[in-house]
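Given next are the chains, with one letter for each unit.
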Amino acid sequence: DAGITQSPRYKITETGRQVTLMCHQTWSHSYMFWYRQDLGHGLRLIYYSAAADITDKGEVPDGYVVSRSKTENFPLTLESATRSQTSVYFCASSEWGVQYFGPGTRLLVL
Amino acid sequence: QQPVQSPQAVILREGEDAVINCSSSKALYSVHWYRQKHGEAPVFLMILLKGGEQKGHDKISASFNEKKQQSSLYLTASQLSYSGTYFCGTAVGGGSQGNLIFGKGTKLSVKP
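In this text the structure is predicted, and so the values were computed from the model without any measurement. (Residues numbered from 1 in each chain as written. Chains lettered and ligands numbered in written order. Predicted model: local features only at pLDDT ≥ 70, side-chain atom pairs only at ≥ 80, totals over all residues. Heavy atoms only, no water.)

What follows is about the interface of chain B and chain A. Contacts between the two partners involve 20 residues from chain B and, on the opposite side, 21 residues from chain A. Approximately 1,600 Å² of surface area, both sides summed, lies buried where chain B meets chain A, with 58% of it carried by carbon and sulfur atoms. The tally of links from chain B across to chain A stands at 3 residue pairs in polar contact (both at pLDDT 80 or more). Looking at the side of chain B that touches chain A, the elements that each hand over two or more residues are β4 (30–36), β5 (43–49) and β10 (100–102) of chain B. Residue classes in the side of chain B that touches chain A are distributed as 9 nonpolar, 9 polar and 2 charged. (Contact = heavy atoms within 4.5 Å. Buried area = accessible area lost by both parts, 1.4 Å probe. Polar contact = N/O pair within 3.5 Å; in protein donor to acceptor, adjacent residues only side chain to side chain. Helix = DSSP H or I, 4+ residues; strand = E, 2+ residues; numbered from the N terminus. Nonpolar A, V, L, I, M, F, W, Y, C, P; charged D, E, K, R; others polar.)

Here is the structure:
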């Protein structure tokens, strides 16, 4: 199906484990983004990518790693998960300034 | 650098009007508005570019005053479907492409 998808939709993990959240878009949009959403903070940008092999930090990049070897995929890795990374994570892609968000991944770090 | 939205929350009766404001301490090149319903992803409403233009989307419109570095979202004759959290986003580094910095959101509740 066309659009932007995220997997998994729900994830429970333990402190210290590595977790990878997947994001896939079928539009061939150049720009892709990762946000986290927490109560009282709104949407905060973690990393973004202007094209394949081009990534840059956002507001809250610490503890996260991204890669973009293909235009359509933009995985986000938590190298060693902490409780403070419990959040809802949204991936988005953009064309002409309009951001299209994926359905989100709810991550709980115990 | 994060834009400031006001009010933080507003409760309306169906048919009433509301205004949500978004202001920035930095020069604005564009302002982007999104709505997020509970448990869902944010959805694009509109972009306003430099030039003070006003845009409309059904009974939702917005203005952009670049001199005052602020934008306002106007919801007219609100419907139950307008309930949700509204976010403004400001483009970083100019233009309307690229990454946005979002405000903390304004929660709008429309009651019958």
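After that view, the rundown keeps rolling.
Right, let's get into the state of the cysteines. By the definition in use, this model includes 2 disulfides over all chains. The side chain of Cys 23 of chain A participates in a disulfide bridge whose partner is Cys 91 of chain A; the two sulfur atoms lie 1.8 Å from each other. The S-S bond linking Cys 23 of chain A to Cys 91 of chain A shows a torsion near -70 degrees; that makes this disulfide left-handed. With Cys 23 of chain A in strand β3 (residues 19–25) and Cys 91 of chain A in strand β9 (residues 87–95), this pair connects stretches of sequence that are 68 residues apart. For the pair formed by Cys 23 of chain A and Cys 91 of chain A, the shared burial category is buried. The disulfide that involves Cys 22 of chain B links it to Cys 88 of chain B, with 2.0 Å between the sulfurs. Across the disulfide from Cys 22 of chain B to Cys 88 of chain B, rotation about the S-S bond amounts to roughly 75 degrees, and the bridge is consequently right-handed. (Disulfide = S-S within 2.5 Å. Buried < 20%, exposed > 50% of the residue type's maximum accessible area, 1.4 Å probe, protein only.)

On inspection of all chains with the given rule, the structure shows 13 aromatic pairs over all chains. Judged by centre distance (6.0 Å) and plane angle (65 degrees), the ring pair of Tyr 64 of chain A and Tyr 89 of chain A falls under edge-to-face. Placement of the pair is Tyr 64 of chain A in strand β7 (residues 64–66) and Tyr 89 of chain A in strand β9, with a sequence separation of 25 residues. One exposure class covers both Tyr 64 of chain A and Tyr 89 of chain A, and it is buried. Taking the centre distance of 5.6 Å and the plane angle of 70 degrees together, the rings of Tyr 34 of chain B and Phe 44 of chain B count as edge-to-face. In this pair, Tyr 34 of chain B sits in strand β4 while Phe 44 of chain B sits in strand β5, placing the two residues 10 residues apart along the sequence. With relative accessibility at 0%, the residue Tyr 34 of chain B sits in the buried group. An aromatic cluster is defined as three or more aromatic residues linked by ring pairs; in this entry it consists of Tyr 31, Phe 33, Tyr 35, Tyr 48, Phe 90 and Phe 101 of chain A together with Tyr 34, Phe 44, Phe 87 and Phe 102 of chain B. (Phe/Tyr/Trp six-rings, centres within 6.5 Å; stacked < 30°, edge-to-face > 60°.)

Turning our eyes to something else, we now look at the nonpolar core. Counting residues in hydrophobic clusters, the biggest one holds 21 residues, and the most contacted among them are Trp 33, Leu 73, Leu 75, Tyr 86 and Leu 108 of chain B. Within the residue set of this core, elements represented by two or more residues are β2 (9–13), β3 (18–23), β4, β5, β7 (60–65), β8 (70–75), β9 (84–91) and β11 (106–111) of chain B. Beyond its immediate stretch of four places on either side in the chain, Leu 73 of chain B contacts Ala 18, Val 19, Ile 20, Trp 33, Leu 45, Met 46, Ile 60, Ser 61, Ala 62 and Tyr 86 of chain B. Among the nonpolar cores identified, the runner-up in size contains 18 residues, and Tyr 47, Tyr 64, Val 66 and Leu 78 of chain A belong to it. (Core = buried A, V, L, I, M, F, W, Y, C linked by side-chain atoms within 4.5 Å.)

This part is about the side chain of Ser 109 of chain B. Residues and elements named next belong to chain B. For Ser 109, the position within the fold is in strand β11. Exposure remark for Ser 109: the relative accessible area of 19% places this residue in the buried category. Not counting residues within four places of it along the chain, the set of residues in contact with Ser 109 comprises Val 10, Ile 11, Leu 12 and Ser 83.

This paragraph deals with the sheet that holds β3 of chain A. Residue and element names in this part refer to chain A. Read across the open sheet, the 4 strands follow the order β1-β3-β8-β7; overall the sheet is antiparallel. At either end of the open sheet lies a strand with only one pairing partner, and these are β1 (4–7) and β7. Adjacent strand axes in the sheet meet at a mean angle of 20 degrees when their direction is disregarded. Bridging between β1 and β3 involves 4 bridges; their strand directions are antiparallel. Counterpart to Thr 5 in the pairing with β3 is His 24. (Pairing = 2+ DSSP bridges. Axes fitted to C-alpha atoms, helices over the stretch in contact; angles between N-to-C directions.)

Everything listed is a geometric property; what it means functionally is a separate question.
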